[in-house]
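# Structural features, examined
Chain residues, written in single-letter form:
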Amino acid sequence: MSTLNIHFKDPAGVEQCAMRLLPFAEQWRQPGDLVCADADFMALLQGLGAHALNEESALSLLYFLALTANDSASRAERCKALLLARLDAVGDDSPDMCSAFQSDHLERLNAGPAQFQPAGLRLLREIVPEEEEPEPDGFAPFEPFDEGQADDLPGFPVEALPPVMGDYAQAIATSLQVPADMPAAGLLAAVSLAVQGVYKVNPKPGWLEPLNLYIAVVAKPSERKSPVLAEISRHVYDFCAAENERRAPAVNEYRIQASLLSRQVESMLAQAGKVKKGGNSWKAEDIAAKQAELDSLEPVKPLRLLADDVTPEALTSLLADNSGRMGVFSAEGGLFGILAGLYSGQGGANIDTFLKAYTGDTIQVDRKGRKAETIAHPALTLLLMVQPSVLREIMENETFAGRGLLARFLYSLPTSKVGCRQFSTPAIPGTVAQAFADCLTDLLQTQADSKPADPPKIIRFAPAAAGLAEQFFDELERRLVTDLEDVEGWAGKLHGTTMRIAGVLHCARVGLFADSEPLSGETMRAAISIARYFIAHSCAAFRQMGATEPQAVKDARYIWNRLQSAGKPEIGKRDVLRLCHGRMNARQLDPGLQELERRGYIRIDKIPRGGRPSETVILRPIEAMQNAENQGFSH
């Protein structure tokens, strides 16, 4: 137990951040700790928040100010000096009391470093900053970019999946030694692929929501993304192979009939233009009748449900050829490069197909020299397993963000198992894999047998499910102006996405009876649990990839990467603009350069040359950055 009589001499520093630090401080207070603070100090703290603070809360705050400063030896000594300077302790033994106050709880600090949140330590540095090394000539104090520390993210709630999915996800995770998040998210996409375009959920009167999902799983190389994707997608490929074998005679018959009728129409048209003796050339109504016979043939085509990396133009054709339904499952992330226009060297590709196929809006494409393509109710499922570098690239793409493509994805950031994987692992039980294959096959067969003009099968909600859906909507609506404000575009779509997840889970649970059995409260509760998982992971993805940063910081990151790629210690401003060509113009370049200069990455020298001075960008020496980071400036 520690006791200290305190008179707060200089409240200005605490007044700025006391309430910001208080949540961290509460982790430190232990029962029995005592404090006697003067009335002015207590009045100050009480005025900082909506609730009154008692002596114990005041002590918690002071402990935090003192003890978290011990994250380095030099700061520990300077913290003691800070306390003696700011706190007028009563009695002749005040230095000893301060030392006891510090040492009595030092073990508490060392024993539980996880309690010291990075945010708390950064706030402490505002009060007890490190002694800084002299800055290189002309550079501002170094302030590195926040590289986004790994968040303590929850694992995928596999128990929320129907057993036929959850058991399989766990088996894949154990056999391949991957986080369960990977196969769980992948299986969610696989079932979504099977039911898209066939079923819709009806959360309330007047609202029908499709069931296709866009999911991005983010993991580093060597995390075994490809084996996971191969295990999941093989069931879809097996179904397509079997279905196409069954369809083969009908496909051949259709092709022959269509070819014969097409040639007959062409022959009749050719003959109609010639004058014959006796006037027996084909009449217009004869040709029209033959064309109508050709048009009345119901197309029978081979079934295709999956593509890998595909251009928007090719995807539109695939949708048109497959009843408006398609899936893209990829472990390479090349699709994002294609969407960014990299495949053609252009500044950007047409992403309309990906936007409209998510919502089911009609796609109409007219191209010179090609038949017009119209897809009335497109449905697309995306499952992309990509590296963090790919995610950063797409989140820096203004077109993707501005038009809402990024907001359509659910993001999963599984915790890596690299370094603790086992060699000897059991194979995936055949019965578990077959159970999922049977479930998926039933759903895929329903889709394969349906026609584009068929009305969707409607999944209605039981009262308990409808009540939970409304409660979750109210919760999300409030959070859009609080903790989800930075990702409002994404979070604003989450309730609808949660309804989609609920529909997918319902189809996996009840199979072919999905439109006759109401979606239960249990299923809705499971969908909300999964949605909460994606809230944590998606917010972390946007945060770690800098998507919530101000535009000037995003531009500064990009410029700095381009400067490093040039490999020069200094470079003219015009040359910097050339390095950034295609991303920003001269007007857009300046805020990013100013941000880099403010953070001490660069300095800009103006060199007089008779007229307007030329500007040269000087890069901060790498060793100076490393020294600054070692002194505790990096996050």
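Residues numbered from 1 in each chain as written. Predicted model: local features only at pLDDT ≥ 70, side-chain atom pairs only at ≥ 80, totals over all residues. Heavy atoms only, no water.

Helix and strand counts for the protein stand at 25 helices and 15 strands. Buried residues in the protein amount to 48% of all 635 residues. Counted over contacts in the protein with a minimum sequence separation of 6, partners at least 24 positions apart contribute 76%. Accessible surface computed for the protein: about 30,900 Å², of which carbon and sulfur atoms make up 51%. (Helix = DSSP H or I, 4+ residues; strand = E, 2+ residues; numbered from the N terminus. Buried < 20%, exposed > 50% of the residue type's maximum accessible area, 1.4 Å probe, protein only. Contact = heavy atoms within 4.5 Å. Areas by Shrake-Rupley, 256 points an atom, 1.4 Å probe, with all protein chains shown as cover.)

Mapped onto the elements, Glu 595 comes out in helix H24 (residues 586–598). When residues no more than four places from it in sequence are discounted, the contact partners of Glu 595 are Ala 552, Val 553 and Ala 556.

To continue, consider the packing of helix H20 (residues 494–510) against helix H21 (residues 521–544). Look at H20 against H21: their axes get within 8 Å of each other, and the N-to-C directions meet at 130°. If you check the angle between H20 and H21, you find them oblique. Two packed elements cross with a definite hand, and for H20 against H21 that hand is right-handed. Contact residues: Leu 494, Thr 498, Met 499, Ile 501, Ala 502, Leu 505, His 506 and Arg 509 in H20; Glu 522, Thr 523, Met 524, Ala 526, Ala 527, Ile 528, Ile 530, Ala 531, Phe 534 and Ile 535 in H21. Split by residue class, the contact of H20 with H21 holds 13 nonpolar, three polar and two charged. (Axes fitted to C-alpha atoms, helices over the stretch in contact; angles between N-to-C directions. Parallel < 35°, antiparallel > 145°, perpendicular 65-115°, else oblique. Left-handed = near helix turned anticlockwise from the far one by under 90°. Nonpolar A, V, L, I, M, F, W, Y, C, P; charged D, E, K, R; others polar.)

Moving on: the pattern of salt bridges. Evaluated as defined, the whole model comprises 18 salt bridges. Where Asp 575 meets Arg 578, a salt bridge forms, and the shortest distance between an N and an O atom there is 2.3 Å. Here Asp 575 and its partner Arg 578 are both found in helix H23 (residues 573–579), three residues apart, which amounts to about one turn of the helix. Arg 578 sits in the exposed class, given a relative accessible area of 56%. Across the pair Glu 595 and Arg 598 runs a salt bridge whose closest N-O atoms are separated by 2.9 Å. Of the two residues, Glu 595 and Arg 598 are both situated in helix H24; the distance of three residues between them amounts to about one turn of the helix. Residue Glu 595 is classed as buried on the basis of its relative accessible area, which comes to 11%. Take Arg 598: its relative accessible area is 42%, and that puts it in the partly exposed class. One network of salt bridges, in which partners are shared, links Glu 143, Glu 595, Arg 598 and Arg 599. (Salt bridge = Lys/Arg side-chain N within 4 Å of Asp/Glu carboxyl O.)

The next subject is the packing of aromatic side chains. For the structure on display, the rule yields ten aromatic pairs. With 6.2 Å between their ring centres and 80° between their planes, Phe 156 and Phe 534 make a pair best called edge-to-face. Residue Phe 156 is located in the loop between helix H7 (118–127) and helix H8 (163–176), and its partner Phe 534 is located in helix H21; the two are separated by 378 residues in the primary sequence. An identical accessibility class is assigned to Phe 156 and Phe 534; each is buried. Taking the centre distance of 5.0 Å and the plane angle of 75° together, the rings of Tyr 533 and Phe 534 count as edge-to-face. Tyr 533 sits in the buried class, given a relative accessible area of 2%. Residue class for Phe 534 comes out buried when judged on its relative accessible area of 0%. Cation over ring: Arg 500 sits above Tyr 358, and NZ or CZ is 4.0 Å from the ring centre. (Phe/Tyr/Trp six-rings, centres within 6.5 Å; stacked < 30°, edge-to-face > 60°. Lys NZ or Arg CZ within 6 Å of the ring centre and 35° of its normal.)

For the rest of this paragraph, the subject is the pairing of strand S5 (residues 214–218). Most of S5 is tucked away: five of the five residues are buried. Burial of S5 is two-sided: the residues Tyr 214, Ala 216 and Val 218 facing one way and the residues Ile 215 and Val 217 facing the other way are all buried. In this sheet, strand S10 (residues 379–386) lies alongside S5 in parallel orientation, the contact comprising five bridges. From the neighbouring strand, Ile 215 faces S10, where its bridge partner is Leu 383. (Pairing = 2+ DSSP bridges.)

The subject of this paragraph is the environment of Thr 523. Along the polypeptide, Thr 523 turns up in helix H21. Judged by relative accessible area, Thr 523 falls into the buried class, the value being 2%. As a C-alpha pair, Thr 523 and Ala 160 span 363 residues in sequence and 8.2 Å in three-dimensional space. A distance of 3.1 Å separates polar atoms of two side chains, one belonging to Thr 523 and the other to Ser 520. (Polar contact = N/O pair within 3.5 Å; in protein donor to acceptor, adjacent residues only side chain to side chain.)

Another point: the confidence of the model for the protein. Across the protein, the average pLDDT comes to 78, with 71% of residues at or above 70. Taken together, the stretch residues 631–635 has pLDDT below 50 and engages in 14 contacts with residues farther than four places along the chain or on a different chain. (pLDDT = per-residue confidence, 0-100.)

Bringing the environment of Gly 324 into the picture now. Residue placement: Gly 324 occurs in the loop between helix H12 (312–321) and strand S7 (325–330). Those residues within four positions of Gly 324 in sequence are excluded, and the remaining contacts are Leu 319, Ile 375, His 377, Pro 378 and Ala 379.

Turning to the packing of helix H9 (residues 181–195) against helix H10 (residues 225–272), a few remarks are in order. Their axes nearest at 10 Å, the elements H9 and H10 cross at an angle of 25°. Comparing their axes, H10 and H9 come out roughly parallel. In this structure, H9 crosses over H10, and the sense of that crossing is right-handed. The segment H9 lies against H10, with Met 182, Pro 183, Gly 186, Leu 187, Ala 190 and Leu 193 engaging Lys 225, Val 228, Ile 232 and Val 236. The residue inventory of the contact of H9 with H10, partitioned by class, reads eight nonpolar, one polar and one charged.

So, on to the sheet that holds strand S14 (residues 602–607). One open sheet accounts for three strands, arranged S13-S15-S14; its pairing is antiparallel. Looking along the sheet, the strands with just one partner apiece sit at the ends: strand S13 (570–572) and S14. Looking at each pair of strands side by side, their axes are set apart by 25° on average, direction ignored. Its contacts with the sheet place helix H22 (residues 551–566) against S13, S14 and strand S15 (614–619), and it is angled at close to 80° to S15. The sheet contacts of H24 involve S14 and S15, and relative to S14 the element is tilted by about 115°.

A separate point is the nonpolar core. Leu 188, Tyr 411, Trp 490 and Met 524 are the most contacted members of the largest nonpolar core, which has 126 residues in total. Counting residues per element, this core draws most heavily on H21, which supplies 13 residues. If we ignore the near neighbours within four places in the chain, the residues touching Met 524 are Phe 461, Ala 465, Leu 468, Ala 469, Met 499, Ala 502 and Leu 519. Of all hydrophobic cores here, the second largest spans 20 residues; its members include Phe 145, Ile 559, Leu 579 and Leu 589. (Core = buried A, V, L, I, M, F, W, Y, C linked by side-chain atoms within 4.5 Å.)

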